[in-house]
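Chain by chain, the residues:
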Amino acid sequence: MGMSNLLRTVAVIAVAAAAAMAPLPPASAADPQAGSTITVAAADSTSRAVSLGVGKSVAIDLPADVKDVLVADPTTANAVVRSTRRAYIIGVKVGQTNIFFFDANGRQIAGFDIAVTRDLNGIRAALRNSLPDSEIRVDGINDSVMLSGVAATAGDSQQAFDLAQRLAGDGKVVNGIAVRGRDQVMLKVSVAEVQRNVVKQLGINLTGSVGYGSNVVNFNTTNPFSATGVALSDTALSGSPIRGVNATLRAMDRAGLIRTLAEPNLTAISGETATFMAGGEFPIPAGLSCDTTKSPPVCQSQIDFKKFGVSLMFTPIVMSGGRISLKVMTEVSELSAENAITLAVPGSTQTLTIPSIRTRRADTVVEIPSGGTLAMAGMIQEQTKQQINGVPGLMQLPVLGALFKSRDYINNQTELVVLVTPYVVKAVAQKQLSRPDDGYADPSDQSTVLLGRLNRIYGAADDPEPRRAYRGNYGFHLD
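About the cut-offs
- Residues numbered from 1 in each chain as written.
- Predicted model: local features only at pLDDT ≥ 70, side-chain atom pairs only at ≥ 80, totals over all residues.
- Heavy atoms only, no water.
- Helix = DSSP H or I, 4+ residues; strand = E, 2+ residues; numbered from the N terminus.
- Buried < 20%, exposed > 50% of the residue type's maximum accessible area, 1.4 Å probe, protein only.
- Contact = heavy atoms within 4.5 Å.
- Areas by Shrake-Rupley, 256 points an atom, 1.4 Å probe, with all protein chains shown as cover.
- Phe/Tyr/Trp six-rings, centres within 6.5 Å; stacked < 30°, edge-to-face > 60°.
- 1 Å grid on protein atoms, 1.4 Å probe; cavity = no way out; pocket = protein on both sides within 12 Å on 5 of 7 lines; lining within 4 Å.
- Points joined across faces, edges and corners; volume = space filled by probe spheres on them.
- Nonpolar A, V, L, I, M, F, W, Y, C, P; charged D, E, K, R; others polar.
- Expected span 1.5 Å × (residues − 1).
- Core = buried A, V, L, I, M, F, W, Y, C linked by side-chain atoms within 4.5 Å.

Draft legend 1. The overall build of the chain, seen in detail. Along its length, the chain carries four helices and 22 strands. Sorting the 479 residues of the chain into buried and exposed places 27% on the buried side. Within the chain, counting contacts between residues at least 6 apart in sequence, those at least 24 apart form 63% of the total. Here the chain has roughly 32600 Å² of accessible surface; of this, 54% comes from carbon and sulfur atoms.

Draft legend 2. Structural context of the environment of V418. Locating V418 in the fold gives a position in strand β22 (residues 405–425). The spatial distance from the C-alpha of V418 to the C-alpha of A377 is 5.0 Å, given a sequence separation of 41 residues. Leave out the neighbours within four places in its chain, and V418 touches V189, S190, V191, T330, L374, A375, M376 and A377.

Draft legend 3. Structural view of the packing of aromatic side chains. If you walk through the whole model with that rule in mind, you get two aromatic pairs. Geometrically, the ring pair formed by F101 and F112 is edge-to-face, given 6.1 Å between the ring centres and 80° between the ring planes. With F101 in strand β6 (residues 95–102) and F112 in strand β7 (residues 108–117), this residue pair connects regions lying eleven residues apart in the sequence. Across the pair, F112 and F101 agree in class, each one buried. Taking 6.1 Å as the distance between ring centres and 55° as the angle between the ring planes, the aromatic pair formed by F282 and F308 counts as tilted. Of the two residues, F282 is situated in strand β17 (residues 274–291) and F308 in strand β18 (residues 298–318); the sequence distance between them amounts to 26 residues.

Draft legend 4. Representation of the layout of surface pockets within the structure. If you add up the space inside the largest pocket, you get close to 860 Å³. In terms of lining residues, the largest pocket is bounded by 38 residues, among which Q195, N197, E338, R358 and N412 are the most central. Taken together, the elements giving at least two residues each to the lining of the largest pocket come down to β12 (184–212), β15 (245–262), β19 (323–344), β20 (351–369), β21 (374–390) and β22. Here the residues of the lining of the largest pocket sort into 13 nonpolar, 15 polar and ten charged.

Draft legend 5. Region of interest: helix α3 (residues 154–168). Counted at 1.5 Å a residue, the expected span for α3 with its 15 residues is 21 Å, and the 21 Å between its end C-alpha atoms agrees. Among all positions of α3, only A154, G155, D156, S157, A160, F161, L163, A164 and A168 are buried. Two residues or fewer after α3 comes G169, characterised by a positive phi angle close to 75°.

Draft legend 6. Highlighting the nonpolar core. By size, the foremost hydrophobic cluster in this structure holds 23 residues, and its most contacted members are L187, V189, V191, F314, L326 and V328. Among residues more than four places away in sequence, those in contact with V328 are L187, L312, M313, F314, A362, D363, T364 and M376. Of all hydrophobic cores here, the second largest spans 17 residues; its members include L62, V71, A77 and V116.

Draft legend 7. View of the environment of F102. Tracing the sequence through the fold places F102 in strand β6. Remark: the alpha-carbon pair of F102 and D65, spanning 37 residues in sequence, is separated by 8.3 Å. Excluding residues within four positions of it along the chain, F102 makes contact with A41, A42, D65, V66, K67, D68, L70, R107, Q108 and I109.

Written out as structure tokens, the structure is:
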């Protein structure tokens, strides 16, 4: 009996050990805690975007009865349920939030991603009335205003941006408006100047000695011509000395006329900047660098270059109504001997003359219709300088005082005008354009040497000679 009970106990222990070492069976489906998964009941990915203005509302009809409402930030937007299937969403302040609606079983009925912005209906109405030909969309992003869509011209795009900036107040405005077709503007600038110079010099130089016995007075009166700075001519009229006095007459009367005409033309896309330069550069010394390690020191001059000529820079913007806004900078400069400086070349007896630059420049912003001309700048200037030099006392004598004095007279008159004419242009076929060298051909050596011709053909050969007829009044006229 004792042995059988012992065997039976060992068998029970072995069965229990085997059961403990065996793998556990899979969890029962009836166990709600074992093997359950987590699902997202509501998220932004399933939400619909809704834009509201501050103090504005939107009514929403839901497909099922609402049991629960979740508002992430009630201070930004709020939801009011008036019936089981209708809700109102109200914008409170500028910001972003989301709202979810659930049924009695906790399932999501609808979700909305709410963006509350400032009221943009006033800006939309103003743009629609001001620019009826443009399709401009206004959206709000936080405190900013985003303009998008298509404008008829670049001027309409700029006008919409300016109008939105004024109406938006402190908010930032981002211009994302595309332009249907960007116009091209050709600007014709005419810089015309006429300058007239008159210089008159008259003086008598006296040299000699006057005295009696051992008492002799030597004198030499040389006219300085201080207005001009130097006598214009070295030619002089002199005669034989009269009682030891030699008289030399210096006289010059000069009149000069300078006419300057520059007409640069330049084409650019509306809203872009274009530049034009026709001229050159002249060198001026900017310094001197010497290598003192060598004996004697080796020096090398540093040279800078200054530009001169005809330059034009402008930025056109085509406005509504065919008007063009222009930001223009034009300049005409040339080398001049006036106010030039002369420098000594180091290590040499030679001198270096640096000329000055005479410049006429205009920089402004104007608004002109296409094909119209506006005088952008103009100047009428007259300068007169006159100086009389002579021997004190003697130059005051009547009639004879002219022998002891000189007169230097300068009169400068300048008239300058700058005219601008913009055109809205389009591309044309090449055959409709002409170049300055059309029809040009070099002559033969025989024609150049014997006949003095510089060209063989100039102008189209098939163009008929235009008939020239006098137009105007002719005959006898009595006033």
